[in-house]
Amino acid sequence: VLFALGQTRATLKHWGQSAQAFEACAAAETHRVQRARALGGAGMARFMLGEVEAAKRNLEAAVELRPDDVSTLISLASVHKRLGGLDSA
């Protein structure tokens, strides 16, 4: 339910509420893949809020859980680019 709420809030561009829902989902989730998806959603919501360091933390945690998730890797590269780290992007 929390993941769906995060998605709905993101669709409505309510980034703060989206990030909170995704982060609550990640905290409660025990399944590795679902937790990674929630962290990825939280990371992108934080990125949209301009909270780039928080976005980086969430996305890095998601990549640790699912290092083969191309979408999350691309999102993390965007964060690194915003932070000025083109080499790490």
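Higher on the page you've got the structure.
This text gives an overview of the structure that appears in the document. Remember, predicted model here, so these are calculated numbers, not experimental data.

Some thoughts on unusual backbone geometry
- Even without glycine at this site, K13 takes up a positive phi of about 65°.
- With respect to the helices and strands, K13 occurs in the loop between α1 (2–11) and α2 (15–28).

Examining the nonpolar core
- With 8 residues, the main nonpolar core is built from F3, F22, C25, A26, A38, L39, A42 and A62.
- Mapped by element, the contributors of at least two residues to this core are α2 and α3 (32–48).
- Not counting residues within four places of it along the chain, the set of residues in contact with A42 comprises A19, F22, E23 and N58.

What to know about the side chain of S75
- Within the fold, S75 resides in helix α5 (residues 70–82).
- Judged by its relative accessible area of 13%, S75 is buried.
- Look past the residues within four positions of S75 in its chain and what remains in contact with it is M44 and L59.

Structural notes on the packing of α2 against α3
- For the pair α2 and α3, interaxial distance at closest approach is 8 Å and the crossing angle is 155°. Taken as axis vectors, α2 and α3 run roughly antiparallel relative to one another. Judged by the sense of rotation from one axis to the other, the crossing of α2 with α3 is left-handed. Contacts between α2 and α3 involve W15, S18, A19, Q20, F22, E23, C25 and A26 from the first element and R35, A38, L39, G41, A42, A45, R46 and M48 from the second.

Thresholds applied
- Residues numbered from 1 in each chain as written.
- Predicted model: local features only at pLDDT ≥ 70, side-chain atom pairs only at ≥ 80, totals over all residues.
- Heavy atoms only, no water.
- Helix = DSSP H or I, 4+ residues; strand = E, 2+ residues; numbered from the N terminus.
- Core = buried A, V, L, I, M, F, W, Y, C linked by side-chain atoms within 4.5 Å.
- Buried < 20%, exposed > 50% of the residue type's maximum accessible area, 1.4 Å probe, protein only.
- Contact = heavy atoms within 4.5 Å.
- Axes fitted to C-alpha atoms, helices over the stretch in contact; angles between N-to-C directions.
- Parallel < 35°, antiparallel > 145°, perpendicular 65-115°, else oblique.
- Left-handed = near helix turned anticlockwise from the far one by under 90°.

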